[in-house]
Amino acid sequence: MNNGITEYFEDVELYEEYDGYFCSVPDIITIAILGSICGLRNVHQIHRWATNDRVSKYLKEEFGIGHVPCYYWILSLLKYIKPESLNRCFADWVYSFMPEKSRDMTISLDGKTICSTLKMDKIESPLHIISAQICELGLTLAQRCTDDKSNEIPAVQELLKELKIKGQLSLQMH
């Protein structure tokens, strides 16, 4: 019944204890991932999509998700999730797509500044993100935020430590 996504998020850590009465956190993460893959951009769109009769039937048959909670409950559950824990679980899921013989693949590390955050009053500086991608597969393995552009090197070092690539891939810096 489970197509493998949900199981990768069973160990996600939460800020508050939750017993899974309405819907489990791994189920909510699965719904969010599937909705994102379908091109949906926010929780409202994902909820509307997931509660469609055809989609909810698919979620039940293929992923064992019998109940899609209301929009506000989905938001509440997503707020319980510790981001670093989600990143680890998500990375494990992405690694599952890697072929066994991956030595000929390249990891590309790239830093980007999210310019739209310049307009946000509460943020003193724009958001800087370092990403590690497998070029040949188009998969992002991990991302790390930095305080400013000058902190990219320590962020890259942290990012490389958490990647499970030792002896697996070649490294190319851009």
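Bear in mind the structure is a predicted one, so any value in this text is a computation, not a measurement.

1. Quick look at the packing of helix α2 (residues 43-50) against helix α4 (residues 71-80)
Inference 1: Relative to each other, α2 and α4 sit at 125 degrees, their axes nearing to 10 Å. Considering the angle they form, α2 stands oblique to α4. α2 and α4 meet at a crossing whose hand is right-handed. Where α2 approaches α4, its residues Val43, His44 and His47 are matched on the opposing element by Tyr71, Ile74, Leu75 and Leu78.
Inference 2: Looking at the contact of α2 with α4, its residues break down into 5 nonpolar, 2 polar and no charged.

2. What to know about the packing of aromatic side chains
Inference 1: Scanning the entire structure with this criterion turns up 7 aromatic pairs.
Inference 2: Members of the aromatic cluster, joined through ring pairs, are Phe9, Phe90 and Trp93.

3. Digging into the nonpolar core
Inference 1: The biggest cluster of nonpolar side chains holds 42 residues, and the ones touching the most others in it are Ile31, Leu59 and Leu141.
Inference 2: Considering each element in turn, this core owes the most residues, 6 residues, to helix α1 (residues 25-37).
Inference 3: Not counting residues within four places of it along the chain, the set of residues in contact with Ile31 comprises Ile46, Trp49, Ala50, Leu59, Ile65 and Val68.

4. A word on the side chain of Ser85
Inference 1: For Ser85, the position within the fold is in helix α5 (residues 83-95).
Inference 2: Assessed through its relative accessible area of 3%, Ser85 is described here as buried.
Inference 3: Look past the residues within four positions of Ser85 in its chain and what remains in contact with it is Asp11, Val12 and Glu13.

5. Observations regarding the confidence of the model for the protein chain
Inference 1: Per-residue confidence for the protein chain gives a mean pLDDT of 81; residues scoring 70 or more make up 81%.
Inference 2: The spread of mean pLDDT over the elements of the protein chain runs between strand β4 (residues 170-173), the lowest at 58, and α2, the highest at 96.

6. Considerations on the pattern of salt bridges
Note that side chains of opposite charge can pair when their charged atoms are close.
Inference 1: For the structure on display, the rule yields 3 salt bridges.
Inference 2: Between Glu61 and Lys57 there is a salt bridge; the shortest N-O distance is 3.9 Å. In this pair, Glu61 and Lys57 are both assigned in helix α3 (residues 53-63), 4 residues apart and thus about one turn of the helix distant.

7. Quick word on helix α6 (residues 152-162)
Inference 1: Turning to α6, its buried residues are Glu152, Ala155, Val156 and Leu159. The buried residues of α6 occupy an angular sector of 100 degrees when projected down its axis, which confines them to one face. In α6, the exposed positions that point more than 90 degrees away from the buried face belong to Ile153 and Lys161.

8. Some remarks on α3
Inference 1: Of the positions making up α3, those classed as buried are Val55, Leu59 and Phe63. Taken around the axis of α3, the buried residues stretch over an arc of 45 degrees, which confines them to a single face. Across α3 from its buried face, at more than 90 degrees, point the exposed residues Asp53, Arg54, Lys57 and Lys60.
Inference 2: Residues of α3 that are buried sit in contact with α1 and α2.
Inference 3: Sitting at the head of α3, Asn52 places a side-chain oxygen 2.8 Å from the backbone nitrogen of Arg54.
Inference 4: Positive phi shows up at Gly64, right after α3, with a value of about 70 degrees.

How each quantity is defined
- Residues numbered from 1 in each chain as written.
- Predicted model: local features only at pLDDT ≥ 70, side-chain atom pairs only at ≥ 80, totals over all residues.
- Heavy atoms only, no water.
- Axes fitted to C-alpha atoms, helices over the stretch in contact; angles between N-to-C directions.
- Helix = DSSP H or I, 4+ residues; strand = E, 2+ residues; numbered from the N terminus.
- Parallel < 35°, antiparallel > 145°, perpendicular 65-115°, else oblique.
- Left-handed = near helix turned anticlockwise from the far one by under 90°.
- Contact = heavy atoms within 4.5 Å.
- Nonpolar A, V, L, I, M, F, W, Y, C, P; charged D, E, K, R; others polar.
- Phe/Tyr/Trp six-rings, centres within 6.5 Å; stacked < 30°, edge-to-face > 60°.
- Core = buried A, V, L, I, M, F, W, Y, C linked by side-chain atoms within 4.5 Å.
- Buried < 20%, exposed > 50% of the residue type's maximum accessible area, 1.4 Å probe, protein only.
- pLDDT = per-residue confidence, 0-100.
- Salt bridge = Lys/Arg side-chain N within 4 Å of Asp/Glu carboxyl O.
- Arc of directions from axis to C-beta.
- Polar contact = N/O pair within 3.5 Å; in protein donor to acceptor, adjacent residues only side chain to side chain.

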